[in-house]
Amino acid sequence: MNNQWIYRLLFFLILFFCSGSAVLAAEPARPRIGLALGGGSAIGFAHIGVLQWLEENRIPVDYVAGTSMGGLMGGCYAMGMSPAEIERFVKSLNWDRLFDSAPPYRALDFRRKEDKLDYPGEIEIGLKDKLYIPSGLSIYRVNLLLSRIALPYSAVRDFDELPIPYRCVATDIQNSEKVVLGDGSLSEAMRATMSLPGAFVPVERDGRLLVDGGLVDNVPADVAKAMGADLVIAVNCNQSNANKDLRRIDEILMSSINTLTNENVRQALKLADFVIQLQTGNLSSFDWNACDELIEAGYQSAARQGEELKKLALDPATWQEYLKRRSERKRLQAPVPRALKIQGTDEINQAEIAARLRPFIGKPVDVTALEVVLVDIMGSSFYESLRYEIVIQDQVPTLVITVREIAYGPPFVRYILQMNFVGDRADVNLRSRITAYNMAGEGAELRTDLSLGTSPGLGVELYKPFSTKGWFLVPRLEVKRSRGSLFLDGKQENHFTLDESGIGLSLGYSFNKFSEARLGYQAGYQRTDTIVGTPLREKDGRVRKTELRWSYRNANQGVLEGGVLCDVKADWYSDAPNASEPFSTAETSVKWVIPLNERKAVFTIVSAGAATSGNPPLMQQFTLGGPLRLGAYDSDEFRGDNYVLGTVGIIKDIGKPLGLKKMYLATFLENGGVFDDWSDIHCKTDFSLGLVSPTIFGTFYLGTSFGEGNQSRINFLLGRMF
């Protein structure tokens with residue numbers, strides 16, 4: 001009996017050791033290889049080429065660590081995306097649009113559309129307790145992008161569970177510490193590692209304020225070592241500043257960042273066993289549209305180290321086994337959400353957001369449809385950013401929407417520097433709009449417009465919605481001064497100021513985000529004063545009128561992306577200085593843009609005004625002349641009871657010749673005229689050529705216009721063009 005137990009024990013021991021030997025034979029011992037991908041903005045596209053070369057040469061990657069753009073490329077690879085899939089992914093993106101912090105114009109609420117048109121400057125500041133300037137761009141589109149690609153792994157809270165274990169590096173700017181992110185929300189971690197300080201809003205995570213990890217560890221070879229790598233391949237994006245054109249502001253910015261990170265890069269590379277120094281020639285960190293060239297540069301940079309790197313190559317059979325094991329860990333779909341959670345805002349906003357997102361519960365998430373709704377929610381302009389993921393809470397797959405309210409307001413302040421130089425007339429005004437919310441109940445807005453300069457003014461209106469959805473009341477008060485001129489046969493007779501003050505009340509209806517109508521009454525007073533030239537014979541006095549307005553705003557964000565803007569208004573005057581009887585006027589304007597391709601569009605503007613009854617006095621007549629209103633002539637050179645104006649032109653993207661800001665070349669033909677009788681229409685024609693660019697102070701336009709009979713003008717405009 002004892003001998004039988006001994007035989008059985010020997011038998012099982014033999015089986016145990018044989019099975020162990022079989023496992024070792026199936027997976028022979030080899031050094032674990034870590035890949036450290038450095039930050040470098042657009043230069044980071046070259047990481048795709050490096051990954052292509054590594055896979056073509058059967059070099060396995062067991063751990064991935066990345067910083068900034070290296071964190072994004074590394075995260076994609078760690079989630080199981082092949083280099084070809086990553087390449088298709090990055091090429092599908094509009095990188096210029098991706099970093100635009102403003103929601104699409106089409107998604108904005110109607111009043112926010114008005115703000116954007118009236119004050120096209122690019123920076124909004126806040127007055128929450130004190131004057132606040134935004135800490136960076138919200139880049140909410142990046143949040144949505146990262147949420148989308150990480151969604152299948154959003155239930156994964158430990159990055160070691162990815163197909164390839166992954167870490168990324170961020171900087172805690174409050175404590176001046178390096179933070180290695182290896183658990184929690186994957187999309188949030190990738191967002192944190194690429195939060196360039198001063199450019200993008202920092203990420204709040206676990207009580208820390210996180211920005212780009214390049215400040216402390218731009219090539220995280222040490223992180224790859226700490227993960228368990230025996231050997232580390234480091235890929236360095238930092239480029240020498242010696243041969244760069246440092247006259248461009250974007251190159252100065254990135255060269256300054258390189259200078260700050262060079263020391264930590266030098267220390268990191270000492271820990272690497274293999275270093276791939278990317279050689280990208282004249283390509284810079286802002287060349288987001290040079291994806292093909294940068295991928296090829298990465299491939300060739302890896303190939304230059306090929307002799308050493310090929311020592312790490314696996315034989316074909318072992319390589320296939322490695323790919324199989326990696327593929328088995330890949331997740332293709334997110335779980336179906338059975339619950340919904342909104343976090344980051346108050347209960348009222350949570351309820352409003354939840355009501356719009358409940359249709360996505362109980363079925364596979366359609367990310368395209370979900371993001372359309374989320375972008376529409378961004379159109380309220382209450383939120384700085386948002387992201388989504390599906391996590392397991394109490395064993396229930398839950399769609400979690402994390403929003404971040406704008407920290408610096410309300411109240412919000414928009415501003416433009418309005419400058420208009422035509423002939424010997426110069427108008428310079430600093431204009432601002434302050435918007436405060438909920439001061440007279442939920443949904444109410446107090447809007448204050450202030451202008452300082454050659455045309456000072458103050459306007460205050462209270463927007464008060466009814467409980468019935470869509471209806472609203474708007475009481476308002478306005479005091480303003482404008483400047484004008486009278487011409488006779490093309491010669492300026494005088495220059496005058498017009499002072500207007502008044503109060504009004506309107507009843508309005510908001511049809512949707514695109515359209516609004518108002519009916520109101522206004523009582524006021526006007527006064528004129530001649531500055532130079534022939535004195536005006538206009539009397540001062542009160543103005544009383546009933547007004548009807550309808551506006552339609554449906555356009556895309558970019559200059560070239562198409563859309564329609566339409567305004568119709570009618571005024572019935574019961575009293576006005578120098579009017580012998582009541583009179584009425586009507587005016588309409590339609591502007592639309594038709595894209596031809598990504599870099600070119602046709603734009604058309606048609607507007608007309610008419611005295612529909614009676615004889616309008618001088619100050620209530622229509623005028624033409626000046627930039628974009630017959631630009632070959634002086635401002636207000638033509639004045640009368642009726643007018644027509646048509647404009648057709650082409651606008652073309654000519655890149656960024658001065659650095660960071662896009663510039664456009666606009667060419668257009670104008671035809672229009674002012675007249676007192678529709679049976680006696682006389683129109684002028686001119687041709688204009690100019691440069692257009694968005695700026696933080698408003699839209700910039702510099703052009704020249706050529707009219708009939710050697711008539712020409714150089715026009716400069718900053719602020720609002722239309």
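Residues numbered from 1 in each chain as written. Predicted model: local features only at pLDDT ≥ 70, side-chain atom pairs only at ≥ 80, totals over all residues. Heavy atoms only, no water.

Looking only at helices and strands, the protein chain features 15 helices and 30 strands. With the C-alpha coordinates aligned to their principal axes, the bounding extent of the protein chain is approximately 130 × 60 × 45 Å. In the protein chain, which comprises 722 residues, the share counted as buried stands at 51%. Long-range pairs, those at least 24 residues apart, make up 64% of the contacts in the protein chain with a sequence separation of at least 6. (Helix = DSSP H or I, 4+ residues; strand = E, 2+ residues; numbered from the N terminus. Buried < 20%, exposed > 50% of the residue type's maximum accessible area, 1.4 Å probe, protein only. Contact = heavy atoms within 4.5 Å.)

Taken together, the side chains of Val648, Ile654, Leu665, Leu669, Phe687, Leu689 and Phe706 define a hydrophobic patch exposed on the protein surface, amounting to about 560 Å² of accessible area. Residue assignment for the nonpolar patch shows that the elements contributing at least two residues are strand 27 (664-675) and strand 28 (684-695). In this structure, Ile654 sits in the loop between strand 26 (642-653) and strand 27. (Patch = residues over 30% accessible without salt bridge, like charges linked within 9 Å, V, L, I, M, F, W, Y side chains within 5 Å. Areas by Shrake-Rupley, 256 points an atom, 1.4 Å probe, with all protein chains shown as cover. Salt bridge = Lys/Arg side-chain N within 4 Å of Asp/Glu carboxyl O.)

All right, on to the domain arrangement of the protein chain then. When its domains are assigned, the protein chain resolves into domain 1 (33-99 + 163-171 + 209-241 + 257-329), domain 2 (339-405) and domain 3 (412-719). Spacing between the C-alpha centres of domain 1 and domain 2 amounts to 32 Å. (Domains from an automatic or database assignment.)

Moving on: the pairing of strand 4 (residues 166-172). Burial runs high along strand 4: seven of the seven residues are buried. Side-chain alternation along strand 4 places Tyr166, Cys168, Ala170 and Asp172 on one buried face and Arg167, Val169 and Thr171 on a second face that is also buried. Here strand 2 (residues 63-67) pairs with strand 4 via four bridges, running parallel. Note that in strand 4 the partner of Gly66 across the bridge is Cys168. Inspection of the sheet shows strand 4 paired to strand 5 (residues 177-181) by five bridges, in the antiparallel sense. Note on strand 5: the bridge partner recorded for Asp172 is Glu177. In sequence, strand 4 turns back onto strand 5 through a hairpin of four residues, with Ser176 there showing a positive phi of about 55 degrees. By the bridge criterion, three bridges tie strand 4 to strand 7 (residues 208-212) in an arrangement that is antiparallel. Within strand 7, the residue paired with Thr171 across the bridge is Val211. (Pairing = 2+ DSSP bridges.)

Attention now moves to a negative patch on the surface. A cluster of acidic side chains, namely Asp346, Glu347, Glu352, Glu405 and Glu442, defines a negative patch on the protein surface. With respect to the helices, strands and loops of the structure, Asp346 is situated in the loop between strand 10 (339-343) and helix 14 (347-357). (Lys, Arg positive; Asp, Glu negative; His and termini not counted. Charge placed at Lys NZ, Arg CZ, Asp CG, Glu CD.)

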